[in-house]
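Chain and residue survey
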Amino acid sequence: MSDPRAPLRLTTAQAAARLLAAQGAGVPAAVVLVVSDSARTETHGRRLLLAGDAVTGSLGERELDERALALAREALERDLPEGVHDLVEDEERTVRVYLEVHAPPAELVIVGAGHIAQPLCAIGALLGFRVHVLDDRPDFAVRERFPDAERVHRVDFADPFATLPLDRRSHLVLVTRGHKYDYECLRHALAMDPEPAYIGMIGSRRRVRATFVQLIREGFPRERVAQVRAPVGLDLKAQTPAEIAVSVAAEIILLRKGGSGRPLRDLERVVERFIPDET
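So, here is what we can say about the structure in this document. (Residues numbered from 1 in each chain as written. Predicted model: local features only at pLDDT ≥ 70, side-chain atom pairs only at ≥ 80, totals over all residues. Heavy atoms only, no water.)

Turning next to the packing of aromatic side chains. Inspection of the entire model under this criterion finds one aromatic pair. Ring geometry for F157 and Y181: centres 4.9 Å apart, planes at 45°, overall tilted. Here F157 is found in the loop between β8 (151–154) and β9 (170–174), whereas its partner Y181 is found in helix α4 (residues 179–190), with 24 residues between them in sequence. By relative accessible area, Y181 is classed as buried at 16%. Lying over the aromatic face of F140, R137 brings its terminal NZ or CZ to 3.8 Å of the ring centre. (Phe/Tyr/Trp six-rings, centres within 6.5 Å; stacked < 30°, edge-to-face > 60°. Helix = DSSP H or I, 4+ residues; strand = E, 2+ residues; numbered from the N terminus. Buried < 20%, exposed > 50% of the residue type's maximum accessible area, 1.4 Å probe, protein only. Lys NZ or Arg CZ within 6 Å of the ring centre and 35° of its normal.)

Formally, a disulfide is one covalent bond, and it connects the sulfur atom of one cysteine to the sulfur atom of another. One pass over the structure, following the stated rule, counts zero disulfides. Summary of cysteine pairing: C121 is not part of a disulfide, and the nearest cysteine sulfur, belonging to C185, is at 17 Å. Overall, the relative accessible area of 0% leaves C185 in the buried class. (Disulfide = S-S within 2.5 Å.)

Once that is clear, we can look at the side chain of D182. Within the secondary structure, D182 sits in helix α4. Given a relative accessible area of 0%, D182 falls into the buried group. Within the structure, the side chain of D182 is placed 2.5 Å from the side chain of T176, a separation counted as a polar contact. At 2.5 Å, the side chain of D182 forms a polar contact with the side chain of R207. If we skip the residues at most four places from it in the chain, D182 touches L174, T176, M201, I202, R207 and T211. (Polar contact = N/O pair within 3.5 Å; in protein donor to acceptor, adjacent residues only side chain to side chain. Contact = heavy atoms within 4.5 Å.)

Moving on, we come to the packing of helix α3 (residues 117–126) against helix α7 (residues 241–257). Geometry of a packed helix pair, given as the angle between the helix axes and the separation of the axes. Where α3 meets α7, the closest approach of the two axes is 8 Å, and the angle between their N-to-C directions is 45°. One way to sum up the angle between α3 and α7 is to call them oblique. Both α3 and α7 take part in a crossing whose hand is right-handed. Of the residues in α7, those touching α3 at P119, L120 and I123 are P241, A242, A245, V246, V248 and A249. Per-class residue counts for the contact of α3 with α7 are nine nonpolar, no polar and no charged. (Axes fitted to C-alpha atoms, helices over the stretch in contact; angles between N-to-C directions. Parallel < 35°, antiparallel > 145°, perpendicular 65-115°, else oblique. Left-handed = near helix turned anticlockwise from the far one by under 90°. Nonpolar A, V, L, I, M, F, W, Y, C, P; charged D, E, K, R; others polar.)

What follows concerns helix α2 (residues 62–78). When the terminal C-alpha atoms of α2 are compared, their 24 Å separation across 17 residues agrees well with the 24 Å that a helix rising 1.5 Å per residue should span. Every buried residue of α2 is accounted for by L64, D65, A68, L69, L71, A72, A75 and L76. Taken end-on, α2 shows its buried residues confined to a sector of 165°, consistent with a single buried face. Tucked into the core, α2 has its buried residues touching β1 (29–37), β2 (47–51), β3 (54–57), β4 (83–89) and β5 (94–102). (Expected span 1.5 Å × (residues − 1). Arc of directions from axis to C-beta.)

Between D193 and the following residue, P194, the backbone shows a cis peptide bond with an omega angle of 5°. Inspection of the secondary structure puts P194 in the loop between α4 and β10 (198–201). Cis geometry marks the peptide bond from A230 to P231; its omega dihedral reads -10°. Here P231 is to be found in the loop between α6 (222–226) and α7. Of note in this structure, R269 is not a glycine but carries a positive phi near 45°. Checked against the element boundaries, R269 lands in the loop between α8 (264–268) and α9 (270–274). Look at R269 and you get partly exposed, because its relative accessible area is 39%.

A few words on the environment of L127. In this structure, L127 sits in the loop between α3 and β7 (130–135). L127 gets classed as partly exposed once you look at its relative accessible area, which sits at 39%. In this structure, the C-alpha to C-alpha distance between L127 and V101, residues 26 residues apart in sequence, is 18 Å. Non-local contacts of L127, meaning those with residues more than four positions away in its chain, are made with A249 and I253.

Within the largest apolar cluster, 25 residues are counted, with the highest numbers of intra-cluster contacts made by V109, V111, F161, L172, L186, F212 and L215. The element that contributes the greatest number of residues to this core is α4, accounting for six residues. Each residue touching F212, except ones within four places of it in the same chain, is listed here: L186, M201, V225, V228 and A230. If you look at the next biggest cluster of nonpolar residues, it comprises 24 residues, including L108, V133, A141 and V175. (Core = buried A, V, L, I, M, F, W, Y, C linked by side-chain atoms within 4.5 Å.)

Encoded structure:
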């Protein structure tokens, strides 16, 4: 579990130095620190740090290290909130930890600079994404159309990500103007290791089917193709570009945060649960 070459008890100064090094290299990192343990006082103050794939420190027990590492990885992959989490909670023991996350903002990569891309770029920026917009048309791939974007790229769809490598914090949305461009972009994205956190593609059922069939015939595993969110977005009966952008953004939030997608009113049922029927 923990790196045997590293000191098992990671001090505050050592953790800070490793975090600074990770931030300087652009590597996401998470720290898990024990704040209370109902069974063992010697675990208090112990910490485990995950920076990229490197693990340093230990919580003092193999099982705790495994759980802490799983929590840290989930935090970096799904943007779990910082704060106190229950690492162990059962009748025999409760271990609470403080999760600290240091990661660059997630990316929203919009391929296609048409009418849906504009509101989606604005919403993505409001949500804290670094937004990149890609297109091959010089009249569309311009800063004036996307003032909220981190960068607007004019690309060749034969190799769309040549100047913008994707990683597990990238959220890719394909809103291009044609099937052949969708296919080229998906072919490159699905071949990446690791894959982007999210791949969504707009299109009719016919367009999506044609793209998927072509990818599978080329040799991409059926299971990998099935992970693509297409047609993209949640079922909101969206029609306008702005409504479609909201639908796509909602699906990305759902994936990142792990919600149910159900109306909160239906989940809470305040009237049924707390207000007696006196009729």
